[in-house]
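# Structural characterization, general
As a plain string of letters, each chain reads:
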Amino acid sequence: MILQTRTEINAHLDKLEEKLLQELGSTSGSCKSENTKILRKLKIAEGKLTKLREEILQIKQFSSDKNVFLGTYQGDILIANCAEKYLIKYSDAGKHIRDIPVSGLPFGVEVIDLNRIVVVTYATANCVEIMNSNTFKAEMNIRYHDDAWGVSQHNDRLYVVTGNATVQVMDLLRGQWETLKLASDNVLNITTSRDRIFYTDYATGNVHCCLINGEEFWQFGSKNIRRPRGLAVDNHNNVYVVGFGSNNLSIIQHDGKNSRTLLTESDGLFNPRDVYYDKEKRTLLICNQDGTIFLYKVVLNF
């Protein structure tokens, strides 16, 4: 009786052992399969990143004394040629579409409404023109007491840097104005996102972030970013900024605590003047002073 019971127990244990080994083998195979998939995805991502870094779009070569600033319009690219009285329109594939005559030497360009409004600032003329985006005819001319530099818009509010130390804010729906005093006296470029305003100080080399009412939130400086000019923000308020003097593109963490250099002179950056980030396509446009423009697809987060 005891021998029979022992035999039955051993047989049962053998079955349990066999089942356990099968389950372990299946789990091990599944883990190996998942690891293989992950490694394959990483390899593909690495290949894409390498390929995308090689995709450089050289839209047009200007002489070295001409500055260009960027905007987008219905998927196309608008370039403000600061040395001539016209905007230049290109497709996102780099094909020249047309030159658009304007009333003065343009500095900044911003698209508010894809079907209606393009804003152009004229630094030496101390004014901003709001244009019909189909005809590019001026519908409104706004004059200031000081030079009009960088321009940005968010939530139907237009932000224009005037006189290097203030921002004129216009409510496009109500037509109301307010003036914000900046914490810097050397400002040309500005961008906005959600409840933040970002700008660069080309003299001190600092990048500033302030609340929508102008109150300073943080400022960031680094020896790796010299004479910063154009800047752009992504969907997480990380800041892309070009260093005109350091020949690079850096990204600053949204809280202003850390930065990382993404592109340098070895990538073709030489006196970069402006940068634009398309939040929907996650593409980055960078423009050198000589008019060479680089197009990158952003595939990695900060």
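Quantities reported herein were computed from a predicted structural model and do not represent experimental measurements.

### So, the sheet that holds strand β23 (residues 293–297)
Read across the open sheet, the three strands follow the order β21-β22-β23; overall the sheet is antiparallel. A single partner strand is all that each edge strand has here, and the edge strands are β21 (272–278) and β23. Adjacent strand axes in the sheet meet at a mean angle of 15 degrees when their direction is disregarded. With six bridges connecting them, β21 and strand β22 (residues 283–288) associate as antiparallel partners. If you follow Y277 over to β22, its bridge partner there is L284.

### So, the nonpolar core
Within soluble globular proteins, side chains that are nonpolar tend to cluster in buried spots. Ranked by internal contacts, the top residues of the largest apolar core, which has 16 residues, are F107, W149, Y159, V161, V167, I190 and I197. Of all elements in the fold, only β10 (157–162), β11 (166–171), β13 (187–193) and β14 (196–201) reach the threshold of two or more residues within this core. For this core, the element with the highest residue contribution is β13, accounting for three residues. Those residues within four positions of Y159 in sequence are excluded, and the remaining contacts are G150, V151, S152, Q153, H154, V167, Q168, V169, I190, T192, I197 and I212. Listed in part, the 14 residues of the second largest apolar core include L249, L284, I286 and V298.

### Let's talk about the side chain of S184
For S184, the location among the structural elements is in the loop between β12 (177–181) and β13. For S184, the side chain forms a polar contact with the main-chain nitrogen of N186, separated by 3.3 Å. Setting aside its immediate chain neighbours within four residues, S184 contacts N164, A165, Y199, D201 and H208.

### Thoughts on unusual backbone geometry
The backbone of N164 sits at a positive phi, close to 70 degrees, despite the residue not being glycine. Note that N164 resides in the loop between β10 and β11. For N164, a relative accessible area of 18% gives the class buried. A positive phi angle, close to 50 degrees, is found at R227, a residue other than glycine. For R227, the position within the fold is in the loop between β16 (216–220) and β17 (228–233).

### Quick word on the pattern of salt bridges
Within this structure, the stated rule accounts for five salt bridges. For R174, the salt bridge goes to D171, with nearest N and O atoms at 2.9 Å. When its relative accessible area of 60% is taken as the criterion, R174 is described as exposed. Residues K181 and D185 are paired through a salt bridge, measuring 3.7 Å at the closest nitrogen-oxygen approach.

### Quick notes on the side chain of N81
Inspection of the secondary structure puts N81 in strand β2 (residues 76–81). For N81, a relative accessible area of 0% corresponds to the buried category. A distance of 3.3 Å separates a polar atom in the side chain of N81 from a polar atom in the side chain of Y86.

### Considering the pairing of strand β18 (residues 239–243)
The buried fraction of β18 amounts to five of the five residues, a majority that puts the element mostly inside the structure. Side chains V239, V241 and G243 project from β18 onto one buried face, and the interleaved Y240 and V242 project onto a second face that is buried too. When β17 meets β18, the two strands line up antiparallel, connected through four bridges. Pairing of L231 across the sheet is with V241, part of β18.

How each quantity is defined
- Residues numbered from 1 in each chain as written.
- Predicted model: local features only at pLDDT ≥ 70, side-chain atom pairs only at ≥ 80, totals over all residues.
- Heavy atoms only, no water.
- Pairing = 2+ DSSP bridges.
- Helix = DSSP H or I, 4+ residues; strand = E, 2+ residues; numbered from the N terminus.
- Axes fitted to C-alpha atoms, helices over the stretch in contact; angles between N-to-C directions.
- Core = buried A, V, L, I, M, F, W, Y, C linked by side-chain atoms within 4.5 Å.
- Buried < 20%, exposed > 50% of the residue type's maximum accessible area, 1.4 Å probe, protein only.
- Contact = heavy atoms within 4.5 Å.
- Polar contact = N/O pair within 3.5 Å; in protein donor to acceptor, adjacent residues only side chain to side chain.
- Salt bridge = Lys/Arg side-chain N within 4 Å of Asp/Glu carboxyl O.

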